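Residues per chain are reported as follows:
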Amino acid sequence: MKVTILTHTPEPEKTVAAAARLCYSNISASEIMENLSEEKASSFIKKLMDMGHMSPTEHVSFTFAVDGVSRTLLAQLTRHRIASYSVQSLRYNNPFKSEIADPREEEENESRHLAYLEGLAFAWNSCGQKSRFFTESMEKHNIKGLSLEKISKNLLSPYFRGIFDGAGILEEGPDLSIAFPRNFDAVLNKSSFNITPEAEKILIKNEDAVNFCLFIYENLDFASQNFCREKLTALCQKSRDFYKAFLKAAESYIDGRYYSTLPESIAKNPEAVLTYINGLESCKKNYLELVKMGVEQEDARYILPMGTQTRLVMTMNVRSLYNFFHLRCCRRAQSEIRHLANLMLAEVKKIAPGLFEKAGAPCEATGFCPEGKFSCGRYPAQRPEARGQR
Ligand SMILES: Cc1cc2nc3c(=O)[nH]c(=O)nc-3n(C[C@H](O)[C@H](O)[C@H](O)COP(=O)(O)OP(=O)(O)OC[C@H]3O[C@@H](n4cnc5c(N)ncnc54)[C@H](O)[C@@H]3O)c2cc1C
């Protein structure tokens, strides 16, 4: 998400102060403005805000460019009626246009997929196991389980991921440690990670284990599912560093491949992230199929998820912004729109700190929470009779 102020009323604090002083003066607002110093304007604004006289703030507005927000956010945002909006349309913009024109990425993913299968088959051959998954795919592509020397250098990470999925075991215990059968030392010795022999097995431990995992999941094509889901989620739970890298990769994959956002609570659970990606993949596939069938984009878009991104331009006056920040900076607001509200507040404060001194969640200004039983508990509850309406 990116928020930029495109433009705003010039001299916002002086404009509000001049409008407010006019009410008590017998000279023109233009004269008041000419003779108003920044200091006088600031002290007048402070008085005005303390008294809660908000109508003069309607003379100043801010125009924001907002990029990379979901259509879920758009639905919530446009409930704020005292504002003007222009929104990027999915009717005229196909977010997947370039992909239709250039299938190179798909070809690259295919060779990574084959390298993964070779690694997996190699591991199964070395363990004496039979293939349980991917058997059809292995037969179709005549996968034999090639040795490391026959794999091109740029495909080593999916190849080793195949080996890990085929024969690696996550050891019990607080630290990350990966075990392989002893006869894997020849192939693993050729990786750049330290290997410790121990009884019947060999181990990659601690930092080396984290680096090994970062390497084998590098540039992961989440949609191809060429990874063992249980192992990947177990790794995320075991290593915080690995999970951070996994999330960063998933976020950029979701943004790049689906033009979508990753909501906060989904990001907290690796299983949920993978399920979310499956859902996005299926929507995208069906969307592209409809477009290929000749269905108009304006109708094909019905199948796209609410997480699909958009861009917009929004103008709000300061009074309406106060109301917006009041409702949406509160922890009760959904995470994405709260994030947007906080970014917007930080931007306007840079330009007019006095005007926005008291803006934000109501509890920040009053020290009380008006949300009753929905309170997040950060501040004590406001007395019922003092609660305003939302
Ligand atoms: C935590 C949270 C949960 C929410 N849940 C829901 C939900 O479940 N369902 C749902 O439908 N919405 C929900 N909303 C949206 C909410 O009800 C408002 O529609 C939204 O926040 C816009 O607020 P607003 O009307 O104050 O803003 P604006 O439309 O910008 O209005 C600003 C102010 O102008 C005045 N005003 C505007 N229009 C009128 C009018 N026609 N008559 C009189 N006064 C007017 C009011 O004083 C209003 O506060 C939720 C909002 C929040 C923050």
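Residues numbered from 1 in each chain as written. Predicted model: local features only at pLDDT ≥ 70, side-chain atom pairs only at ≥ 80, totals over all residues.

Participant: I'm lost on the sheet that holds strand β7 (residues 201-205) in this one. Help?
Facilitator: Taken together, four strands build an open sheet; the order of strands is β4-β5-β7-β6 and the sheet is antiparallel. Looking at which strands have only one partner, the edges of the open sheet turn out to be β4 (169-170) and β6 (196-198). One ladder, built from five bridges, connects strand β5 (residues 177-181) with β7; its direction is antiparallel. Residue pairing for β7: S177 is matched across the bridge by K205. Here helix α10 (residues 206-216) sits on the sheet and contacts β5 and β7; the angle it forms with β7, its principal contact strand, is near 85 degrees. (Pairing = 2+ DSSP bridges. Helix = DSSP H or I, 4+ residues; strand = E, 2+ residues; numbered from the N terminus. Contact = placed C-beta atoms within 7 Å. Axes fitted to C-alpha atoms, helices over the stretch in contact; angles between N-to-C directions.)

Participant: What exactly am I supposed to notice about the domain arrangement of the protein here?
Facilitator: Accessible area lost upon the coming together of the parts is a frequently used measure of interface size. Its domain assignment divides the protein into domain 1 (2-90 + 308-359) and domain 2 (98-247). For domain 1 and domain 2, the distance between their C-alpha centroids amounts to 52 Å. (Domains from an automatic or database assignment.)

Participant: Looking at this model, I keep getting lost on helix α11 (residues 229-238). Mind explaining?
Facilitator: Each turn of an α-helix holds 3.6 residues, which means side chains three or four residues apart point in the same direction. Within α11, the full set of buried residues consists of L232, L235, C236 and K238. The buried residues of α11 occupy an angular sector of 165 degrees when projected down its axis, which confines them to one face. At its buried positions, α11 is contacted by β4, α10, α12 (240-258) and α14 (270-292). (Buried ≥ 20, exposed ≤ 12 C-beta atoms within 10 Å, placed from the backbone. Arc of directions from axis to C-beta.)

Participant: What's the story with the UniProt feature "binding site: dUMP" (unreviewed entry) in the protein in this structure? I'm lost.
Facilitator: The feature "binding site: dUMP" (unreviewed entry), as given by UniProt, occupies Q76, L77, T78, R79, S89, L90, R91, R301 and R328 in the numbering adopted here. A maximum C-alpha distance of 28.9 Å shows the annotated residues, which cover 253 residues in sequence, to be distributed over more than one spot. Mapped onto the fold, R79 is located in the loop between α4 (71-77) and β3 (84-87). Exposure remark for R79: the 8 C-beta atoms within 10 Å place this residue in the exposed category. Taking the number of C-beta atoms within 10 Å as the measure of exposure, R328 has 23 and is therefore buried. Excluding residues that lie within four positions of it along the chain, R328 makes contacts with A333, I337, R338 and A341. (UniProt positions renumbered as here; feature names shortened; annotations may be inferred.)

Participant: It is not clear to me how the sheet that holds strand β2 (residues 61-70) should be interpreted in this structure. Could you clarify?
Facilitator: The strands that make up a sheet are held in pairs by hydrogen bonds between backbone atoms, and each pair lies either parallel or antiparallel. Taken together, four strands build an open sheet; the order of strands is β1-β2-β8-β3 and the sheet is antiparallel. In this open sheet, the two strands that pair with only one neighbour each are β1 (2-8) and β3. Shown here is a sheet whose adjacent strand axes are inclined to one another by a mean of 20 degrees, direction ignored. Helix α16 (residues 318-328) rests against β2 and β8 (309-317) of the sheet, and its axis sits at about 125 degrees to β8.

Participant: Please explain the site of the ligand as it appears in this structure.
Facilitator: Contacts to the ligand come from R79, H80, R81, I82, S320, N323, L327, R328, R332 and A333. Of the residues in the shell around the ligand, the class split is three nonpolar, three polar and four charged. (Near = placed C-beta within 6 Å. Nonpolar A, V, L, I, M, F, W, Y, C, P; charged D, E, K, R; others polar.)

Participant: Would you take a moment to explain the nonpolar core for this structure?
Facilitator: It is characteristic of soluble globular proteins that their nonpolar side chains tend to be buried jointly. Of all hydrophobic cores here, the largest spans 48 residues; its most connected members are I163, C213 and A250. Looking at this core, the elements that each hand over two or more residues are α6 (104-127), α8 (156-167), β5, α9 (185-189), α10, α11, α12 and α14. Considering every element that reaches this core, the biggest residue donor is α6, with nine residues. Not counting residues up to four positions away in its chain, the partners in contact with I163 are G119, F122, A123 and V187. The next biggest cluster of nonpolar side chains, apart from the first, holds 37 residues, and it includes F64, L73, M316 and L340. (Core = buried A, V, L, I, M, F, W, Y, C linked by C-beta atoms within 7 Å.)

Participant: Help me out: how do you make sense of the UniProt feature "binding site: FAD" (unreviewed entry) in the protein in this one?
Facilitator: Under the local residue numbering, the UniProt record ascribes the feature "binding site: FAD" (unreviewed entry) to S55, R79, H80, R81, N317, V318, R319 and N323. Mapped onto the fold, R319 is located in helix α16. Setting aside its immediate chain neighbours within four residues, R319 contacts M54, T57 and E58. As for its position among the elements, N323 is in helix α16. With 16 C-beta atoms counted inside 10 Å, the residue N323 sits in the partly exposed group.

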